[in-house]
Amino acid sequence: METQAGDPGAFADFDLGRVPSPCFVVDEVKLDANLAALADVAQRSGASMYAALKAFAMWSLAPNVSRSLSGTCTSGLWEARLANEKYDGTVVTYAAAFRPHEVDELLDLSDHIIFNTPRQHDRFRTNIEAARARGRKISVGLRINPEHSEVETPRYDPAAPGSRLGTPISQLTDRDFDGVDGVHMHSLCEQGVEPLQRTWEAVAPALARWTDRLRWINLGGGHHITRADYDRATLVDLVGSIRAETHCDVHLEPGEAIALDAGILVGEVLDVMENAGHIAIADISATCHMPDVLEAPYRPALLGESGDVQVRLGGPSCLAGDTIGTYAFERVPEVGQRFAFLDQAHYSMVKTTTFNGIGLPAIAVWNSDTDELRVVREFTDDEYQRRLS
Ligand SMILES: Cc1ncc(COP(=O)(O)O)c(C=O)c1O
């Protein structure tokens, strides 16, 4: 996959020696700018925006998120707990399936609970009634699969043939909407507004039978709303026309768009060697710290990349494939040299592991306006040992 972001922004002038290595550094000015753009779309369109914690759950910046958006969307119990402890606003919870022993707590922590199938809804109807009896105002949703694909990579296409995510809209019957207040769909990934328009056009005729019974339509995430070339005016119009056409509220769940280009991952060269070219071994591991590099796969952009010397950058782990990519340098890097990968705030920090006992990157907040820098978290081998026994 091609990385769609990679604008260094204020990081072009950040001194990489100011933080421990490795370290995620998030510029709260850029984060706030993204949040302001999202809040503006919400305000102009009337949509509610819920921050997808699966993408960016850096809770030291939860107040920034809560100031701008209507709440959070969570993928299950642990994210729902985090949402309640650290964030304000509505909590929207969806999972492909819920575990029975977690449902009662989830119903206490969530305002919207979205089931993947009518069967899951049926399984937990009595829990919902009990939650309502104890005063919870739960709104129930059903995730549909629009059966319309806009994503090329099957791994990232929830509408791909055979997908388990959402009930195919062609399978739904009137009965499936009993007790359902809203529908949810999520079938985009890093996309502009046109794929959303096409998805809505594909799904609207089938959904029309039930919209008079619904209060909201949640259009999930995958909208790259804060990217410079995103057509926000058309999104505002589209949301407006969906609201007018269906008389439903419209909800969006941006994840990546919140933290797009707002963070870097700083690393350091530990050794250099030659084998069919220059190799630099770094303290950043693709598999431990940026697993999407291998999973997607994609090549993250390097801050200030320039020069004619091609260098393969790899991590310290035992995995032969723990290479991040080949990058241009002015000269073969020196041991101790710092570098940084761009656009690492989302889907990296939330996905790190300690495979090989490799330490987790520290986390820092930088304010590019005031130049204030705070290292908000450093990890020790407790993280590694606590997960084993
Ligand atoms: C249900 C749901 N909502 C929201 C999101 C956030 O998507 P993105 O980070 O691409 O905006 C995802 C991502 O997988 C998702 O599965």
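Up top is the structure.
A few points on the structure. (Residues numbered from 1 in each chain as written. Predicted model: local features only at pLDDT ≥ 70, side-chain atom pairs only at ≥ 80, totals over all residues. Heavy atoms only, no water.)

Regarding the pattern of salt bridges
Working step 1: In this structure the tally under the stated criterion is 19 salt bridges.
Working step 2: We note a salt bridge from Glu 105 to Arg 81, for which the minimum N-O separation is 2.8 Å. One end of the pair, Glu 105, is in helix 4 (residues 100-109); the other, Arg 81, is in helix 3 (residues 77-86), with 24 residues separating them in the sequence.
Working step 3: Its relative accessible area of 33% is what places Glu 105 among the partly exposed residues.
Working step 4: A relative accessible area of 32% means that Arg 81 is categorised as partly exposed.
Working step 5: Across the pair Arg 175 and Asp 122 runs a salt bridge whose closest N-O atoms are separated by 3.3 Å. Taken as a pair, Arg 175 in the loop between strand 7 (167-168) and strand 8 (182-184) and Asp 122 in helix 5 (residues 118-123) lie far apart in primary sequence, 53 residues in all.
Working step 6: One salt-bridge network, held together by shared partners, links Asp 122, Arg 125 and Arg 175. (Salt bridge = Lys/Arg side-chain N within 4 Å of Asp/Glu carboxyl O. Helix = DSSP H or I, 4+ residues; strand = E, 2+ residues; numbered from the N terminus. Buried < 20%, exposed > 50% of the residue type's maximum accessible area, 1.4 Å probe, protein only.)

Things to note about the site of the ligand
Working step 1: Around the ligand, a shell composed of 13 residues is seen, among which Lys 54, Gly 222, Glu 253, Glu 256 and Tyr 347 lie nearest.
Working step 2: Taking His 186, its side chain carries an N or O atom lying 3.5 Å from an oxygen atom of the ligand.
Working step 3: One nitrogen or oxygen atom from the side chain of Tyr 347 is found 2.6 Å from an oxygen atom belonging to the ligand.
Working step 4: For the ligand, whose free accessible area comes to 400 Å², the fraction covered by protein is 87%.
Working step 5: Looking at the shell around the ligand, its residues break down into four nonpolar, five polar and four charged. (Near = heavy atom within 4 Å. Polar contact = N/O pair within 3.5 Å; in protein donor to acceptor, adjacent residues only side chain to side chain. Areas by Shrake-Rupley, 256 points an atom, 1.4 Å probe, with all protein chains shown as cover. Nonpolar A, V, L, I, M, F, W, Y, C, P; charged D, E, K, R; others polar.)

Here's the deal with unusual backbone geometry
Working step 1: A cis amide bond links Ser 21 to the next residue, Pro 22, at an omega of -5°.
Working step 2: Mapped onto the elements, Pro 22 comes out in the segment before strand 1 (23-27).
Working step 3: For the peptide bond that leads from Ala 296 to Pro 297, omega is -20°, which places it in the cis range.
Working step 4: For Glu 190, which is not a glycine, the phi torsion comes out positive at approximately 55°.
Working step 5: Here Glu 190 lies in the loop between strand 8 and helix 7 (193-207).
Working step 6: Residue class for Glu 190 comes out buried when judged on its relative accessible area of 17%.
Working step 7: Backbone geometry at Asn 356 places phi at a positive 70°, although glycine is not the residue there.
Working step 8: Relative to the assigned elements, Asn 356 resides in the loop between strand 15 (338-341) and strand 16 (362-366).

Worth remembering: the numbers are spatial, not functional.
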